[in-house]
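Topology and contacts: notes
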Amino acid sequence: TVKVTINDMEVEVKKGTTILEAAKKIDIQIPTLCYLNLEGFDIANEKASCRVCVVEVEGRPTLVPSCAEKVTEGMVIRTDSPQAVAARRMNVELLLSNHPKDCLTCRKNLNCELQDLAQRLGVMEISYEGERMRYEVDQSSLSLVKDPEKCIMCRRCETMCNEVQTCGILSAVSRGFASYVGPAFELNMVDTSCTFCGQCVAVCPTGALTEVNNVRNVVDALNDPSKHVVAQVAPAIRVAIGEVFGMEPGSITTGQLATSLRRLGFDGVFDTNFAADLTILEEASELVHRLEHNGRLPILTSCCPAWVRFFEHQFPDLLDVPSTCKSPQMMFGAIAKTYYAKKIGVDPKDIVVVSIMPCLAKKTEAAREEMDIDQMHNVDLVLTTREFGAMLKEAGTNFSKLPPSEFDNILGESTGAAVIFGTTGGVIEAAVRTAYEWVTGDELEKVDFQQLRGLEGIRSATVKVGSQYLHIGIAHGLGNARKLLEDIRAGKSHYHAIEIMACPGGCIGGGGQPYHHGDMEILRKRQEAIYREDAGMKVRKSHENQEVLKLYEEFLGEPYGDRAHQLLHTHYSP
Ligand code: HC0
Ligand code: SF4
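Residues numbered from 1 in each chain as written. Chains lettered and ligands numbered in written order. Predicted model: local features only at pLDDT ≥ 70, side-chain atom pairs only at ≥ 80, totals over all residues. Heavy atoms only, no water.

**Some thoughts on the overall build of the chain**
Looking only at helices and strands, the chain features 18 helices and 19 strands. In terms of overall dimensions, the chain is globule-like: its C-alpha atoms have a radius of gyration of 25 Å, near the 25 Å expected for 574 residues. Seen through its principal axes, the chain has C-alpha atoms that stretch 75 × 55 × 50 Å. Every one of the 574 residues in the chain was classed for burial, and the buried ones make up 61%. Accessible area for the chain stands at about 23200 Å²; split by element, carbon and sulfur atoms hold 48% of it. When the 60 basic and 77 acidic side-chain charges of the chain are each reduced to a single mean position, those positions are 3 Å apart. (Helix = DSSP H or I, 4+ residues; strand = E, 2+ residues; numbered from the N terminus. Rg over C-alpha atoms; globule rule 2.2 N^0.38 Å. Buried < 20%, exposed > 50% of the residue type's maximum accessible area, 1.4 Å probe, protein only. Areas by Shrake-Rupley, 256 points an atom, 1.4 Å probe, with all protein chains shown as cover. Lys, Arg positive; Asp, Glu negative; His and termini not counted. Charge placed at Lys NZ, Arg CZ, Asp CG, Glu CD.)

Encoded structure:
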């Protein structure tokens, strides 16, 4: 350990600790901007480019960035000296001098770390007002908006995209004053191999990277009397949206969600979890089919659309490996516009399916034409958790105080197996619960598969199913996924089934969730809430979902049968 003095207080920390971390240990907050620590991934953005965290160190001629500087024995540090405070404010003023001042109408208003910092450091005027760089806003994709004028070169997005996701889309473009972070050759995002995972958006401190906002389109649909507007809510929303309204991370708000949607005027208030159960019936059938017919193994889950884009772009030689199942969001849309439309006697063309998703890639997925039915998209509009939260705020909803209610039938029933889709490991656990009973014919007494749970980047487990051992792999974060895929490519993979989610933590850490600023504790609480919700449910296996069983009986026929193939399965292209 190393002993140092910070603001006259002594603290003992591990060797290799930064000044910033040491100060945090004794509750001294040093402001930061470019710094981002993705603990759990052992990756930190320590570019020290913003110099907002500078402090004074005795014996050093210049101020040092506390995020990058490691403590040494006997170091005497002042975080609050007049020089340090003045330098911090000056560095923020310099950033602001080359930054648009449209805070009131900025997509990031009140969620912007630069805005927050300017306020906290008492910046009232900018002494260096000069010329600003001008750039076009990139609105080429359906998922994210890139506004280089708001880029402050913190390069957090670059760290996220290149080191965690290994996608390599974002890097510094141009030099000096004119530089910003973006794709090489000034390509539009839509022309790159971007997966639209949205993790760059999740870590961008300013309005340089944000989601495409679809709130107005949803409001317009709700106000159009000729439209029958239905909503579906993804598993991970219920444990995160409370944060938008100041509730504790990990608060479960399933009942409030249903009530809030009804009050906004949705004609049908449904649950993606219904379709998650449906997905399990298809995916478990596909797994059993591949096992019994010497099919391609391992099977890879296919419900995460960023992951799907990733393997299409990066592993075009392995397109026959993933499951052909559409994601629950798309299965929901397909059923809403066929079975449900018929049931309620409404022309599917007049049905608008709105998804509330923790994800930016779901916006792009919804428009994938190969999934269309009669030239109709399965899903029409996708809102992120943040957008939906904003929509509720606009409507004056006091979310935390809403009386809980149930989702509507006939697309609202779900089981505990569906809830756990919302976190890494959940899809495969849900599939195992069903595959186990199908293969053995025995009742599964203990449905909790602890060995599949956690937040480690890559996990593996072996589950005994009858006389067979199923080898299961799990990865979250695309960098981790890449490792498993490379093994498959090299013929070295011993797994039967692998679950992959693009975002750290799975959907609970999706790019559209309330900002968590890399705080893994928040992800842990959301994950814990997911398992709590599952444990509290009466029915916890997808094949016991009565509405899903009725759907097969009345409309689809057999799981993995012809009609199911037509409506619920898809294909991939490079
Ligand atoms: Fe997910 Fe999904 S679990 S991808 O993480 O599979 O977005 O929450 O909605 O579709 O169900 C996201 C979350 C979903 C889908 C489901 C899956
Ligand atoms: Fe990279 Fe994901 Fe951002 Fe695309 S959305 S640039 S893949 S981090």
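**Examining the site of ligand 1**
Taken together, 15 residues form the shell around ligand 1, and within it Ala236, Cys303, Gln329, Lys362 and Cys507 come nearest. Residue proline 235 places a main-chain N or O atom 3.4 Å away from an oxygen atom belonging to ligand 1. At 2.7 Å, a side-chain N or O of lysine 362 approaches an oxygen atom of ligand 1. Broken down by secondary-structure element, the contributors of at least two residues to the shell around ligand 1 are helix 8 (272-292) and helix 10 (328-344). Its residues assigned to classes, the shell around ligand 1 comprises 11 nonpolar, three polar and one charged. (Near = heavy atom within 4 Å. Polar contact = N/O pair within 3.5 Å; in protein donor to acceptor, adjacent residues only side chain to side chain. Nonpolar A, V, L, I, M, F, W, Y, C, P; charged D, E, K, R; others polar.)

**Concerning the domain arrangement of the chain**
A common way to report how large an interface is uses the accessible area buried once the components associate. In terms of domains, the chain is made up of domain 1 (2-96), domain 2 (136-211) and domain 3 (216-568). In this structure, domain 1 and domain 3 have C-alpha centres spaced 42 Å apart. At the interface, five residues of domain 1 touch seven residues of domain 3. With both sides pooled, the region where domain 1 packs onto domain 3 buries about 460 Å², and carbon together with sulfur makes up 64% of that total. The tally of links between domain 1 and domain 3 comes to zero salt bridges. Joining domain 1 to domain 3, the criterion identifies zero residue pairs in polar contact (both at pLDDT 80 or more). Across the side of domain 1 that touches domain 3, the residue classes break down as three nonpolar, one polar and one charged. (Domains from an automatic or database assignment. Contact = heavy atoms within 4.5 Å. Buried area = accessible area lost by both parts, 1.4 Å probe. Salt bridge = Lys/Arg side-chain N within 4 Å of Asp/Glu carboxyl O.)

**Comments concerning the side chain of glutamate 547**
Mapped onto the fold, glutamate 547 is located in helix 17 (residues 546-556). In this structure glutamate 547 is buried but unpaired, with lysine 550 as the nearest side chain of opposite charge at 7.2 Å. Reaching out from glutamate 547, the side chain makes a polar contact with the backbone nitrogen of glycine 412 at a distance of 3.1 Å. Those residues in contact with glutamate 547 that lie beyond four places of it in its chain are Phe274, Asn409, Ile410, Leu411, Gly412 and Glu413.

**A short note on the confidence of the model for the chain**
Of all residues in the chain, 100% attain a pLDDT of 70 or more, and the chain-wide mean is 95. Scoring the predicted complex yields pTM 0.96 and, for the interface, ipTM 0.94. (pLDDT = per-residue confidence, 0-100.)

**Things to note about helix 15 (residues 478-489)**
Along its 12 residues, helix 15 runs 16 Å from first to last C-alpha, staying within 8% of the 16 Å computed at 1.5 Å per residue. Listed in full, the buried residues belonging to helix 15 are Leu478, Gly479, Asn480, Ala481, Arg482, Leu484, Leu485 and Ile488. Those residues of helix 15 hidden inside the fold are in contact with helix 4 (156-164), strand 14 (299-300), helix 9 (305-314), strand 17 (458-465), strand 18 (468-476) and strand 19 (497-501). Once helix 15 finishes, glycine 491 follows within two positions and takes phi at roughly 75 degrees, a positive value. (Expected span 1.5 Å × (residues − 1).)

**Description of the pairing of strand 13 (residues 268-271)**
Side chains Gly268 and Phe270 of strand 13 all project onto a buried face; the interleaved residues Val269 and Asp271 project onto the opposite face, where all are buried too. Sheet topology note: the strand 12 (residues 228-233)/strand 13 ladder contains four bridges and is parallel. Looking at the pairing, alanine 231 lines up with valine 269 of strand 13. Of the crossover connections in this fold, the one passing from strand 12 over helix 7 (residues 254-264) to the parallel strand 13 is right-handed. (Pairing = 2+ DSSP bridges. Right-handed = clockwise from strand over helix to strand, strands pointing away.)

**Regarding the sheet that holds strand 19**
By definition, the strands of a sheet pair up through backbone hydrogen bonds, in either a parallel or an antiparallel sense. Strand order in the open sheet made by the four strands is 14-19-18-17, with mixed pairing throughout. A single partner strand is all that each edge strand has here, and the edge strands are strand 14 and strand 17.

**Some details on the pairing of strand 18**
As paired strands, strand 17 and strand 18 are joined by eight bridges and run antiparallel to one another. What sits directly across from isoleucine 458, in strand 18, is alanine 475. Linking strand 17 to strand 18, which pair antiparallel, is a turn of two residues; within it glycine 466 sits at a positive phi near 65 degrees. Here strand 18 runs beside strand 19; their pairing, made up of five bridges, is parallel. Bridge assignment links glycine 473 to a residue of strand 19, and that residue is isoleucine 498.

**Looking at the sheet that holds strand 7 (residues 76-78)**
Spatial strand order, 2-1-7-5-6: five strands in an open sheet with mixed pairing. Strands with a single pairing partner mark the edges of an open sheet, and in this sheet they are strand 2 (9-13) and strand 6 (64-65). Here five bridges tie strand 1 (residues 2-6) to strand 2, and the two strands are oriented antiparallel to one another. When the sheet's bridge partners are listed, lysine 3 is paired in strand 2 with glutamate 12.

**What about the environment of aspartate 487?**
When you line up the elements, aspartate 487 lands in helix 15. Apart from residues no more than four positions distant in its own chain, aspartate 487 is found in contact with Lys492 and Ser493.

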